[in-house]
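# Structural features, examined
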Amino acid sequence: MREAKPLEVEAPRPGPLRGPDGQRGAPRRIAPAVPGRPDFGSDFEQVVDPTTPEFRIHGAVFVALGIFGYARCSGTAVRSGNESVVFTAGHCVNSGGRRGRWLRSRWAFVPAYRYGQRPFGIFPAKWLDTTRQWRASGSENYDVAAAVVGRNQRGETLGEAVGGAGIAFNLKPKQNFTVHGYPAAEPFDGETQRVCAAAEYLGHDPDSFLFPGPLNLAVHCDVTGGASGGGWTIDGETLDSVTDYGYSDDKSPDFGAYFGKEVARLYQRAERVR
Amino acid sequence: MSRRIASIAVLGLLLIGRGTQAAAAPALLPQIVPPRLLSEVGKPVPPRPLFDSSFTASASGGYKVKVFTFGSAVILEVDRRDRRRFSAAVYLARGVAVPRRLQATFGNFGKVSMRFRPAKNGGQSLCRFGERLSRRHGTYVGELDFKGEDGYVAIDLHRAKGSIVTPAGRCPRSRHHLTRAAAERAIEALLEPASGLAANARDGVATTSFLSIKRKTGAAFLAFHQETHGKLAILRVAIVRGGKSFHVNEAVTTAGVSPPPPFHGTGRYHAEPDGTSTWSGPLSVDFPGAPRFPLTGPDFEALIDVPF
């Protein structure tokens, strides 16, 4: 993410296992963002109620790092046969390249997370994988990962609890994206879901030309560390990219990997896991 | 970044570093180095190529054109240089980048499709930074047809002498061993204080940077711009050493700079009491293919750093 920090370490924030207002979130139509309240002057606006159907498929990813707290990323639940697939950034599960290290220990997805609240429970990963090229080369053009998660404390699968986004491959790069995520680095705190609505495709990062893989995508969105892996959706709830990185200057676009053949293969591998 | 592009960027920094030491002033560096360059820190390094295929040819306008590969890109660089000045436009495209073949289309500017024919006795072994390289000389045959923006450079050739360089192990340590005195000199140079004035602008994936460095040994100026057009990325750089560096008032609230050619005009920095600043004036630079490219305006964020 910003300044190329792949993960942002946060102190653990234990919170009650209940929904906002003390109950499990029932589907409600609430405006996705707070109109007229552009906090910090950012276009990454706070989602008022992340438990609504269109937002609860997105969540925060926590990777326990022992005494170092938690690393933070974002992820999106995706429809699949096993009802348990989460898509995120490659560097949220493996540091990339041939010497890349796996972050397998205690990786969990918390959909609709907000201020310590876990309205749909915690879904611990039971299987993690990235694109083969992310592991082979560390090329950011392939910085995508998938997790297959177990059931939550209530015994529900992820699909039963929150549903899942559709997923698309090999589309034209030029799309209007909605970028979701849980930015944890300043000026954000990682406690709320944020969304950049109608983020237009801006082009490719010139660096992307040098790395193997399809050229990545750029949109304007004020992401910071922790938003890595956040889903880019099109046409409502179809996942078409995830946040990978940004640069340190304020006006830097958000860059995400193109979902092509290799990501489709990753999805197929994840879907086969039982 | 490609080694070549990196060399351009690093050249700028070295230029600064050699005569200046921007690299040295830890507090200064993060502020004056264009974010585009700083951002490379911590990012994965592009895959190290197993080969370096390249050829160079003279072109119109006094430019040299070099075509080479790096990572997954085929790169065409148009540059012109003398003792104090260096300017280049670098076009990056995806294509076929295998040792004996260079093939890519550079948008509407042209294309390259060349095959390498090795010379019978063209082998050579050399050492670079402790690495042994095997260079195979030969001739590239095919077609290079390229015409830059508004025809600032044009080249149409079918044969060019070139080479393929491949790694061949390591060189003996003694060949690249830094003496202690040399290392101390390098560290001293890095620690010499410098003043810097930088201005950066971003518009989507396009970025523009201007950098002026003042050191005891002289001044240096760098301008950098990058943009992408579909499946083509274009980087432009201009570097000049010498000339009169920026002047700044005692309160460090106003500054002005009038770099030598290929720069034109003056850039003016003005800081407000609330910490905001403006960067204005008719300062521009002649990049290859982009003459009189503006380097000031409301989109620029400028900052100045003058050591106590």
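Residues numbered from 1 in each chain as written. Chains lettered and ligands numbered in written order. Predicted model: local features only at pLDDT ≥ 70, side-chain atom pairs only at ≥ 80, totals over all residues.

## Here's the deal with the overall build of chain B
From N to C terminus, chain B includes 4 helices and 20 strands. Across the 308 residues of chain B, 43% fall into the buried class. Nonlocal contacts in chain B, meaning residues at least 24 apart in sequence, comprise 56% of its contacts between residues at least 6 apart. (Helix = DSSP H or I, 4+ residues; strand = E, 2+ residues; numbered from the N terminus. Buried ≥ 20, exposed ≤ 12 C-beta atoms within 10 Å, placed from the backbone. Contact = placed C-beta atoms within 7 Å.)

## Some thoughts on unusual backbone geometry
In this structure, Pro187 of chain A follows Glu186 of chain A across a cis peptide bond, with omega equal to 10°. You can see Pro187 of chain A is positioned in the loop between β10 (176–181) and β11 (194–203). In this chain, Pro261 of chain B is followed by Pro262 of chain B through a cis amide linkage whose omega measures 15°. Along the chain, Pro262 of chain B falls in the loop between β14 (254–257) and β15 (263–264). Even without being a glycine, Glu83 of chain A presents a positive backbone phi close to 55°. Positive phi is not limited to glycine here, since Ala112 of chain A has a value of about 60°. With respect to the helices and strands, the residue Ala112 of chain A is situated in the loop between β6 (107–111) and β7 (123–130).

## So, the sheet that holds β15 of chain B
Hydrogen bonds between backbone atoms are what pair the strands of a sheet, whose relative direction is either parallel or antiparallel. All names here are of chain B. Pairing is antiparallel across the open sheet formed by 3 strands, whose spatial order is β15-β18-β19. Two strands close off the open sheet at either side, each with one partner strand: β15 and β19 (290–294). Sheet topology note: the strand β18 (residues 284–287)/β19 ladder contains 3 bridges and is antiparallel. Considered in β19, the bridge of Phe287 is made with Ala290. (Pairing = 2+ DSSP bridges.)

## Topic: the pairing of strand β7 (residues 131–147) of chain B
Residue and element names in this part refer to chain B. Note that β7 and strand β8 (residues 154–170) share 14 bridges and pair antiparallel. Paired with Glu131 across the strands is Arg170, a residue of β8. Joining the antiparallel neighbours β7 and β8 is a turn of 6 residues, in which Asp150 adopts a positive phi near 55°.

## Quick notes on the sheet that holds strand β16 (residues 267–271) of chain B
All names here are of chain B. With antiparallel pairing, 4 strands are arranged side by side in an open sheet as β13-β14-β16-β17. In this open sheet, the two edge strands, each paired with only one partner strand, are β13 (247–248) and β17 (277–280). Across 4 bridges, β16 lies against β17 in antiparallel orientation. Directly across from Tyr269, in β17, lies its bridge partner Trp279.

## A closer look at the confidence of the model for chain B
Residue and element names in this part refer to chain B. With 79% of its residues at a pLDDT of 70 or more, chain B shows a mean pLDDT of 80. Segment residues 1–48 is flagged for pLDDT under 50; beyond a separation of four residues in sequence, or across chains, it makes 112 contacts in the model. The complex prediction reports pTM at 0.79, with the ipTM value standing at 0.74. (pLDDT = per-residue confidence, 0-100.)

## Regarding the confidence of the model for chain A
Residue and element names in this part refer to chain A. Residues with a pLDDT of 70 or more make up 85% of chain A, whose mean pLDDT is 83. Between the elements of chain A, mean pLDDT differs from a low of 36, seen in strand β1 (residues 8–10), to a high of 98, seen in strand β5 (residues 85–88). Ignoring residues within four places in sequence, the model shows residues 1–40, a span with pLDDT below 50, making 100 contacts including any to other chains.

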